[in-house]
Amino acid sequence: MKEKLPFIDAGLLRAALTLIAAKDDPRPVTKAVHINGEFIESTNGHALVRMKHNAHFHHDIVVQFNDPVPDDAEFAEIKVLDDGTCVAVYYREETEAEFVPFEIFALTRRTETYPDFDIFLKGEFVKNALPPISAKYLALPHLMFGAGVVDAMCTEDGKAVLFNLDPLASEIFGDPQLVAMAVMPEYFDVCRAAREEGREDE
């Protein structure tokens, strides 16, 4: 298991920034990341993500990352300085389980009110007819065909999912039939059981 520092995992920042980059929205809030004592959040105006960072962080800030997260960064210490400005100090693994700071970037602090994600996340989510499917397959329509709209349907036995592209994309790409195999329905239960077993062994 990855050695843990009391800072934010750089992978979470990359995920949050990837979502921001997924749409060119002029609103300042869609260029920034919200970080509080429990979560890191971002939105591009059409999708949102909230992740627990499990870091020692006791502020509530909205900041814009002006530089990409370095490829070899493992953790990021977000510092709020005495004058209210913010910086990100990035750490990488120098030797086994020994992390050292190697980059520091200034962040732009935003004063706009960040949207309340609870409005969306506290609602009731109902399982639809689609079976579990690997995230990499869900990304295929965009990776293969670019911008567009898709819907999906599954076979009666729940073993495969067909992605339907919008009429314009279908015309451009010759009415493609993109099918992805589903994951076994028990996948989440198996993963939870394996994770609990792993915790007992730690």
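In this text the structure is predicted, and so the values were computed from the model without any measurement.

A. Molecular detail of the pattern of salt bridges. One pass over the full model with this rule turns up five salt bridges. Two residues, Glu41 and Arg50, come together in a salt bridge whose shortest N-O distance is 2.6 Å. Taking relative accessible area as the criterion, Glu41 reaches 3% and is therefore assigned buried. The salt bridge involving Arg50 is made with Asp118; its shortest N-O contact spans 3.0 Å. One end of the pair, Arg50, is in strand S4 (residues 48–52); the other, Asp118, is in helix H2 (residues 118–121), and 68 residues separate them in sequence. Given a relative accessible area of 28%, Asp118 falls into the partly exposed group.

B. Region of the structure containing the packing of aromatic side chains. Under the defined criterion, the tally for this structure stands at five aromatic pairs. Seen from the ring of Phe39, Arg50 lies directly overhead, with NZ or CZ sitting 4.6 Å from the centre.

C. Inspection of the side chain of Asn36 at higher detail. Considering the arrangement of structural elements, one finds Asn36 in the loop between strand S2 (33–35) and strand S3 (39–43). Separated by 2.7 Å, the side chain of Asn36 and the backbone nitrogen of Phe39 make a polar contact.

D. Region of the structure containing the sheet that holds strand S9 (residues 150–154). Overall, antiparallel pairing links the three strands, which are arranged S9-S10-S11 in an open sheet. Each end of this open sheet is capped by a strand with a single partner; those strands are S9 and strand S11 (178–181). Averaged over neighbouring strand pairs, the angle between their axes works out to 25° when direction is ignored. Of the strand pairs in this sheet, strand S10 (residues 160–165) and S11 are connected by four bridges, and their pairing is antiparallel.

E. The arrangement of the environment of Ala76 in detail. Among the structural elements, Ala76 can be located in strand S6 (residues 75–80). For the pair Ala76 and Val33, spaced 43 residues apart in sequence, the C-alpha to C-alpha distance is 14 Å. Residues in contact with Ala76, not counting those within four places in the same chain, are Phe7, Ile8, Leu13, Val89 and Tyr90.

What counts, and at which threshold
Residue indices follow the written sequence of each chain, beginning from 1 at its first position. Thresholds applied to this predicted model are a pLDDT of at least 70 for local features of residues and 80 or more for the giving and counting of side-chain atom pairs; totals over whole chains, interfaces and linings are not thresholded and use all residues. The basis for the side-chain values is all heavy atoms of the structure; hydrogens and waters are excluded. The rule for a salt bridge is simple: a side-chain nitrogen of Lys or Arg has to be within 4 Å of a carboxyl oxygen of Asp or Glu. Exposure is judged per residue with a 1.4 Å probe applied to protein chains only, and the accessible area is read against the type maximum: over 50% gives exposed, under 20% gives buried, and values in between give partly exposed. Secondary structure counts use DSSP, requiring at least four H or I residues in a row for a helix and at least two E residues in a row for a strand, with both numbered from the N terminus. Paired rings are identified among Phe, Tyr and Trp, the last through its six-membered ring, by centres lying within 6.5 Å, and are further divided according to the angle between planes into stacked (under 30 degrees), edge-to-face (over 60) and tilted (the rest). To sit over a ring, a charge needs its Lys NZ or Arg CZ within 6 Å of the ring centre and within 35 degrees of the ring normal. In protein, a polar contact requires one atom able to donate a hydrogen and another able to accept it; more generally it is a pair of N or O atoms within 3.5 Å, and residues adjacent in sequence count only if both atoms are side-chain atoms. Strands qualify as paired when DSSP identifies two bridges or more between them. To get an axis, fit a line to the C-alpha atoms, keeping to the stretch in contact for a helix; angles then go from 0 to 180 degrees between the N-to-C directions. Here, two residues are considered to be in contact whenever any of their heavy atoms come within 4.5 Å of each other.

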